[in-house]
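Overview (structure and organization)
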Amino acid sequence: MDQALRDRWLAHARRRMSGAGLRTGAARARVVAFMAEEGQCLVGAQEIVDGLRERGGGGAQASVYRVLDELHGLGLVRRSVDDQGAARYEIHDDDHHHHHFVDDATGAVTAFEDAALEDALAEAAERLGVELSGHEIVLRGRKVPRGAPAGD
Ligand SMILES: [Zn+2]
């Protein structure tokens, strides 16, 4: 867990929520604290419910989902829905950005950062004459052993 990211996002989330007139009720505060630590990369909605329960004082699934919806509506978390329709969430922070690799075989998600990719996207945006508000890159495939040829 990146503690600087946790603290920065928590402060941002509190400002954003109070700016939106949302009171920091206990259920909301617990979900926000959980996401700051465990939601730095995609975590399933059900895992969030279970994780909160493990931490004690979980709260009803419906209220956790409602808070996640609020956070998503405020742009504080990103939502990713897989082929089965299951939602996963991760916190959104302007200064911390990563992409995802999804393993075709297992569905496992791996986060990665790539400065050259960011540069390429910025150049593409310039070429297209657009001002980007965001982008989402998901690579899919299978892991190959290092040094092995990627073909079959
Ligand atoms: Zn991620």
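Residues numbered from 1 in each chain as written. Predicted model: local features only at pLDDT ≥ 70, side-chain atom pairs only at ≥ 80, totals over all residues. Heavy atoms only, no water.

On to the sheet that holds strand 6 (residues 138-141), then. Strand order across the open sheet formed by 3 strands is 5-4-6, with mixed pairing between neighbours. Single-partner strands in this sheet number two, and they are strand 5 (109-112) and strand 6. Each neighbouring strand pair of the sheet contributes to a mean axis angle of 25°, computed without reference to strand direction. Across 4 bridges, the pairing between strand 4 (residues 99-103) and strand 5 is antiparallel. Bridge pairing in strand 5 links His99 to Phe112. (Pairing = 2+ DSSP bridges. Helix = DSSP H or I, 4+ residues; strand = E, 2+ residues; numbered from the N terminus. Axes fitted to C-alpha atoms, helices over the stretch in contact; angles between N-to-C directions.)

Going through the model one piece at a time under the given rule, you end up with 8 salt bridges. A salt bridge links Arg28 to Glu70, with the nearest nitrogen and oxygen atoms 2.8 Å apart. Taken as a pair, Arg28 in helix 2 (residues 26-38) and Glu70 in helix 4 (residues 61-73) lie far apart in primary sequence, 42 residues in all. The network of salt bridges with shared partners includes Arg6, Asp7, Glu37, Glu38 and Arg55. (Salt bridge = Lys/Arg side-chain N within 4 Å of Asp/Glu carboxyl O.)

Compared with the 24 Å implied by 1.5 Å per residue over 17 residues, the 24 Å span of helix 1 (residues 3-19) between its first and last C-alpha is a close match. Residues of helix 1 that are buried in the fold lie against helix 2, helix 4, strand 2 (77-81) and strand 3 (87-91). A side-chain oxygen of the first residue of helix 1 lies 3.0 Å from the backbone nitrogen of Ala4; this N-cap is Asp2. (Expected span 1.5 Å × (residues − 1). Contact = heavy atoms within 4.5 Å. Polar contact = N/O pair within 3.5 Å; in protein donor to acceptor, adjacent residues only side chain to side chain.)

This part takes up a negative patch on the surface. A cluster of acidic residues, Asp114, Asp119, Glu123 and Glu126, forms a negative patch on the protein surface. In this structure Asp119 comes out as partly exposed when scored by relative accessible area, which is 47%. (Patch = residues over 30% accessible without salt bridge, like charges linked within 9 Å, V, L, I, M, F, W, Y side chains within 5 Å. Areas by Shrake-Rupley, 256 points an atom, 1.4 Å probe, with all protein chains shown as cover. Lys, Arg positive; Asp, Glu negative; His and termini not counted. Charge placed at Lys NZ, Arg CZ, Asp CG, Glu CD. Buried < 20%, exposed > 50% of the residue type's maximum accessible area, 1.4 Å probe, protein only.)

Moving on, we come to the domain arrangement of the protein chain. Under the domain assignment used here, the protein chain contains domain 1 (3-91) and domain 2 (99-141). Here the C-alpha centroids of domain 1 and domain 2 sit 23 Å apart. Taken residue by residue, the interface counts 5 residues in domain 1 and 5 residues in domain 2. Surface buried jointly by domain 1 and domain 2 totals about 430 Å² across both partners, of which 52% is contributed by carbon and sulfur atoms. The largest share of the area that domain 1 buries against domain 2 comes from Cys41, Arg78 and Arg88, three residues that together contribute 61% of it. Counting across the interface, domain 1 meets domain 2 through 0 salt bridges. Taken together, domain 1 and domain 2 are joined by 1 residue pair in polar contact (both at pLDDT 80 or more). Of the residues assigned to the side of domain 1 that touches domain 2, the class counts are 2 nonpolar, no polar and 3 charged. (Domains from an automatic or database assignment. Buried area = accessible area lost by both parts, 1.4 Å probe. Nonpolar A, V, L, I, M, F, W, Y, C, P; charged D, E, K, R; others polar.)

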